[in-house]
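Understanding the architecture of this molecule
So you can see what is in the structure, the chains are spelled out below.
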Amino acid sequence: MTIGIFEQKLINLKNDLVEMGQDVFTMLKEAGEALVAMDKVKAKEVIKFDREVNDLENSVVHKAINLIATNQPVASDLRFLASSLRLAAELERIGDLGSNIARRTVEMAHMIEEGEPAEKLPENVSMMVQKAIFMLEMALGAFEKGDADSARKVIDFDDNIDDCNRTIRKQILKIVNDDGLKAKWGYEIITLASHIERLADHATNLAEETVYMAQGKTIRHITHPSNNKNKK
Amino acid sequence: MVEEKKEKVIIRAKNVDFYYGDFHALKNISLDCMEKEVTAMIGPSGCGKSTFLKLLNRMNDFVPGARLSGEVTISGESIYGPNADPVDIRRRVGMVFQRPNPFPKSIYDNITYGPKLIGIKKPDLDVIVERALKAAALWDEVKDLLNKSALELSGGQQQRVCIARALALEPDILLMDEPTSALDPIATSKVEEWIKTAELSIVIVTHNMQQAARISDKTAFFFLGELIEFGPTLELFTRPRESKTENYITGRFG
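Structural notes, computed from the coordinates. (Residues numbered from 1 in each chain as written. Chains lettered and ligands numbered in written order. Predicted model: local features only at pLDDT ≥ 70, side-chain atom pairs only at ≥ 80, totals over all residues. Heavy atoms only, no water.)

Right, let's talk about the packing of helix H1 (residues 5-37) of chain A against helix H3 (residues 75-113) of chain A for a bit. All names here are of chain A. Between H1 and H3, the least distance of the axes is 9 Å, while the angle of their chain directions is 15 degrees. It follows from the interaxial angle that H1 and H3 lie roughly parallel. Like other packed secondary-structure pairs, H1 and H3 cross with a definite hand, here left-handed. (Axes fitted to C-alpha atoms, helices over the stretch in contact; angles between N-to-C directions. Helix = DSSP H or I, 4+ residues; strand = E, 2+ residues; numbered from the N terminus. Parallel < 35°, antiparallel > 145°, perpendicular 65-115°, else oblique. Left-handed = near helix turned anticlockwise from the far one by under 90°.)

Shown next as structure tokens:
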């Protein structure tokens, strides 16, 4: 069966989103590596790359709006196009967080160079960033395959990241309590953990969007584990 | 206390099979249309949607070799039973066709044609004309031109004269067979606006899926004489249950 022009354009748009996802994933992976190695040079490259992700978002949004305006899509086509607008925004936000993580890395590396009071990067922060990147990889894979079951596993994993964030906050507050001179370093680590936690939230949003796209079920604001916690 | 909206079935088709000679045009169709709702019928040409529509006011009675099995009721009464009167049924179930077909008479005479046949006289006729034209959203445009020939009106106005002519008999149901396919976008939007605000039980056949999505409460998808899917329009157009529906409405049929 031949593929129609509209269908081909949908495939192209999906490829654009997959490519944007791969770029964002690479950006986050490199931001994570730069953090663990306290590599200022690599971190600065990550910051520069954010602009390209922003351009990709504009391109995806422009194409999706054109397809909606000219084809009046319905059913799975409509769900995909509506989702593509949100997915592009989520990916762009993840790119911003990658950039934020890299900025914190630059700042902490600078502190170490200047001999300011600091400790080495806590092991659980390295673990947390690896877990969040793994979540992002799972979410992107689920989107590419249109696999709602895998997407739901990503959503379940978000609890784990939230727990990491809480543990790190407590641990850093204790260190800063014991040694007030490490307050600036503590602030950087807590901010960093917040960025990673937000990254995992956006990976969760990607997964929720995949469930909507694949099954037409809106689970956003219903299944998000962090929402349930907020209500407690 | 919130008052619960009670849906009332106005049209019920139960296990309906319909044949044109040897051709099995409708296969075991069961479907309920609710009072004061707009029900849209979609599907490719030859799928049976217009055949189904014509069953509802016994327009297929005139087709040689046509036969029906199963049951069709309107407000609980069988319209194919021994006591059913086709003339009375067609008074209660009005119809508007694809192309505007006003009589070559004045606007006034078009609207009063049916009421006169059942013995209604002036001044009641004047009241009926005003009410029907207002209901069809045409009164403001033609109130000073009632003696003008309906054929001199624009296509959209002619179609609304036909709607008003059908409404003059105060039908319980209005059947519409692709009522805007011969109209330009402005005339189409006026007819669609009327349909959306009519507060009448309407069954509409349309090839324009966006139109079905815009104006109907429920949509039925027919294919090869079978009712593939029937349900709330919003659901059918955002997450259809059946893959055949999905393929048809997204244009990937075949």
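That shown, we press on.
Across the contact, ten residues belong to chain B and twelve residues belong to chain A. Across the chain B to chain A interface the summed buried area is about 940 Å²; carbon plus sulfur atoms make up 51%. The tally of links from chain B across to chain A stands at two salt bridges. Between B:Arg252 and A:Asp77 there is a salt bridge whose closest N-O contact spans 2.9 Å. Our count for the contact surface shared by chain B and chain A stands at seven residue pairs in polar contact (both at pLDDT 80 or more). Secondary-structure elements contributing two or more residues to the side of chain B that touches chain A are helix H9 (233-238) and helix H10 (243-249) of chain B. Of the residues in the side of chain B that touches chain A, the class split is three nonpolar, four polar and three charged. (Contact = heavy atoms within 4.5 Å. Buried area = accessible area lost by both parts, 1.4 Å probe. Salt bridge = Lys/Arg side-chain N within 4 Å of Asp/Glu carboxyl O. Polar contact = N/O pair within 3.5 Å; in protein donor to acceptor, adjacent residues only side chain to side chain. Nonpolar A, V, L, I, M, F, W, Y, C, P; charged D, E, K, R; others polar.)

Turning next to the side chain of B:Lys218. Summarising the element assignment, B:Lys218 is placed in strand S9 (residues 218-223). A polar contact is formed between the side chain of B:Lys218 and the side chain of B:Glu37, at a distance of 2.9 Å.

Attention shifts here to empty space enclosed by the protein. Residues and elements named next belong to chain A. Per the counting criterion, the structure on display carries one cavity of 30 Å³ or more. The space that makes up the largest cavity amounts to roughly 40 Å³. Along the walls of the largest cavity sit Leu17, Leu87, Leu91, Ala139, Leu140, Phe143 and Leu206, which together make up its complete lining. Secondary-structure elements contributing two or more residues to the lining of the largest cavity are H3 and helix H4 (123-145). Looking at the lining of the largest cavity, the element that brings in the most residues is H4, giving three residues. (1 Å grid on protein atoms, 1.4 Å probe; cavity = no way out; pocket = protein on both sides within 12 Å on 5 of 7 lines; lining within 4 Å. Points joined across faces, edges and corners; volume = space filled by probe spheres on them.)

Here we take up the sheet that holds strand S5 (residues 77-78) of chain B. Residue and element names in this part refer to chain B. One open sheet accounts for four strands, arranged S2-S1-S4-S5; its pairing is antiparallel. Pairing within the sheet leaves two strands with one partner each, and these edge strands are strand S2 (23-34) and S5. As paired elements, strand S1 (residues 9-20) and strand S4 (residues 66-74) share eight bridges and run antiparallel to each other. Paired with Ile11 across the bridge in S4 is Ile74. (Pairing = 2+ DSSP bridges.)

Before going further, it helps to examine the sheet that holds strand S7 (residues 173-177) of chain B. All names here are of chain B. As summarised here, the arrangement of the six strands in space is S6-S7-S8-S3-S9-S10, forming an open sheet in which the pairing is mixed. In this open sheet, the two edge strands, each paired with only one partner strand, are strand S6 (93-96) and strand S10 (226-232). Each adjacent strand pair in this sheet contributes to an overall mean axis angle of 15 degrees, direction not counted. Of the strand pairs in this sheet, S6 and S7 are connected by four bridges, and their pairing is parallel. Residue Val93 lies in a different strand from S7, and its bridge partner there is Ile173.

Evaluated as defined, the whole model comprises six aromatic pairs over all chains. With a centroid separation of 5.1 Å and 80 degrees between ring planes, the pair formed by B:Phe18 and B:Tyr20 is classed as edge-to-face. Exposure remark for B:Tyr20: the relative accessible area of 27% places this residue in the partly exposed category. With a centroid separation of 5.0 Å and an interplanar angle of 20 degrees, the aromatic rings of B:Phe221 and B:Tyr248 are classed as stacked. Linking B:Phe221 in strand S9 with B:Tyr248 in helix H10, this pair joins segments that are 27 residues apart in sequence. Its relative accessible area of 0% is what places B:Phe221 among the buried residues. B:Tyr248 gets classed as buried once you look at its relative accessible area, which sits at 12%. Among the aromatic residues, ring-to-ring pairing joins B:Phe221, B:Phe223 and B:Tyr248 into one connected group. Sitting over the face of the ring of A:Tyr212, A:Arg86 holds its NZ or CZ atom 5.7 Å from the ring centroid. (Phe/Tyr/Trp six-rings, centres within 6.5 Å; stacked < 30°, edge-to-face > 60°. Buried < 20%, exposed > 50% of the residue type's maximum accessible area, 1.4 Å probe, protein only. Lys NZ or Arg CZ within 6 Å of the ring centre and 35° of its normal.)

Okay, the state of the cysteines next. All names here are of chain B. Counted by the stated rule, this structure contains zero disulfides over all chains. The cysteine Cys47 is free of any disulfide, with Cys33 supplying the nearest cysteine sulfur at 15 Å. Since its relative accessible area comes to 2%, Cys47 is described here as buried. (Disulfide = S-S within 2.5 Å.)

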